[in-house]
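Working through the structure, step by step
Chain by chain, the residues:
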Amino acid sequence: MKASKRGEVHSSLAGQILSLKRYQRIGLVMVYSIGLTLLLMPMVDNVYLSYFFSAQTVLVPALLSAGAGVIMYAVGWRLMIGYVGELPPERASVVIYVLMGTVILLMVITLVVIGSVVGIEQ
């Protein structure tokens, strides 16, 4: 599908996602990537501090969390954004990526709310 056909009505969910403007798709992929990084940070830190801590490797948890975010961004770029002037093909993996990203964001919001409630109670 070429970029000139962007104004057409898309019947599939993947087509509707890919019909967003390029900067909107870039923003969506960016938000999902940051969300994954934020979601993984406390878990990676907890495992690291409990089992693997050493003074020489204090940067490892941040690199693992950020690396997962970069991978999420690269996958999203390939699935949803593509190269300039090219619209990626409609695939089921686009919908799966968006659903995973949405679940990740909902989990991050839930953790923020729980953290706020626990913080207020203390």
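This report concerns the structure included in the present document. As the structure is a prediction and not an experimental result, all values here were calculated from the model.

What about the overall build of the protein chain?
Secondary structure assignment for the protein chain yields four helices and zero strands. When the helices and strands of the protein chain are read in sequence order from the N terminus, they spell out α-α-α-α. By the compact-globule yardstick of 14 Å for 122 residues, the protein chain is too spread out, its C-alpha radius of gyration being 18 Å. Taken over the C-alpha atoms alone, the protein chain extends approximately 55 × 35 × 20 Å along its principal axes. Burial status across the protein chain gives 29% buried among its 122 residues.

A word on the side chain of Ser65
When you line up the elements, Ser65 lands in helix α3 (residues 60–81). The class of Ser65 is buried, set by a relative accessible area of 1%.

Points about the environment of Arg78
Within the secondary structure layout, Arg78 lies in helix α3. Measuring from C-alpha to C-alpha, the distance between Arg78 and Val94 comes to 9.7 Å, with 16 residues separating the pair along the chain. When residues no more than four places from it in sequence are discounted, the contact partners of Arg78 are Tyr83, Pro88 and Arg91.

Topic: a nonpolar patch on the surface
Together, Met30, Val31, Ile34, Leu38 and Met41 give the surface a local cluster of nonpolar side chains, amounting to about 410 Å² of exposed area. By the element assignment, Met41 lies in helix α2 (residues 22–52). The class for Met41 is partly exposed, based on a relative accessible area of 34%.

Considering α2
With 31 residues, α2 ought to run about 45 Å at 1.5 Å a step, and its terminal C-alpha atoms sit 42 Å apart, in line with that. The largest bend along α2 measures about 30° and falls at Leu40, with the proline Pro42 one to four residues further on. Where α2 is buried, its residues meet α1 (13–18), α3 and α4 (92–121).

As for the nonpolar core
Ile17, Met72, Met80, Val94 and Tyr97 are the most contacted members of the largest nonpolar core, which totals 19 residues. Sorting the residues of this core by element identifies α1, α2, α3 and α4 as the ones contributing at least two each. Residues contacting Ile17, with those up to four places away along its chain left out, are Arg25, Met80, Val94, Val95 and Val98.

A short note on the packing of aromatic side chains
Here the structure, examined in full by the defined rule, presents four aromatic pairs. When the centroid spacing of 5.8 Å and the interplanar angle of 70° are considered together, the rings of Tyr48 and Phe53 count as edge-to-face. What makes Tyr48 buried here is its relative accessible area of 8%. Given a relative accessible area of 51%, Phe53 falls into the exposed group. Ring geometry for Tyr73 versus Trp77: centroids 5.9 Å apart, planes at 40°, classification tilted. Taken together, the residues Tyr73 and Trp77, both in helix α3 and four residues apart, mark about one turn of the helix.

Reading the values: rules and limits
Residues numbered from 1 in each chain as written. Predicted model: local features only at pLDDT ≥ 70, side-chain atom pairs only at ≥ 80, totals over all residues. Heavy atoms only, no water. Helix = DSSP H or I, 4+ residues; strand = E, 2+ residues; numbered from the N terminus. Rg over C-alpha atoms; globule rule 2.2 N^0.38 Å. Buried < 20%, exposed > 50% of the residue type's maximum accessible area, 1.4 Å probe, protein only. Contact = heavy atoms within 4.5 Å. Patch = residues over 30% accessible without salt bridge, like charges linked within 9 Å, V, L, I, M, F, W, Y side chains within 5 Å. Areas by Shrake-Rupley, 256 points an atom, 1.4 Å probe, with all protein chains shown as cover. Salt bridge = Lys/Arg side-chain N within 4 Å of Asp/Glu carboxyl O. Expected span 1.5 Å × (residues − 1). Bend = angle between axes of the 7 residues up to and from the residue. Core = buried A, V, L, I, M, F, W, Y, C linked by side-chain atoms within 4.5 Å. Phe/Tyr/Trp six-rings, centres within 6.5 Å; stacked < 30°, edge-to-face > 60°.

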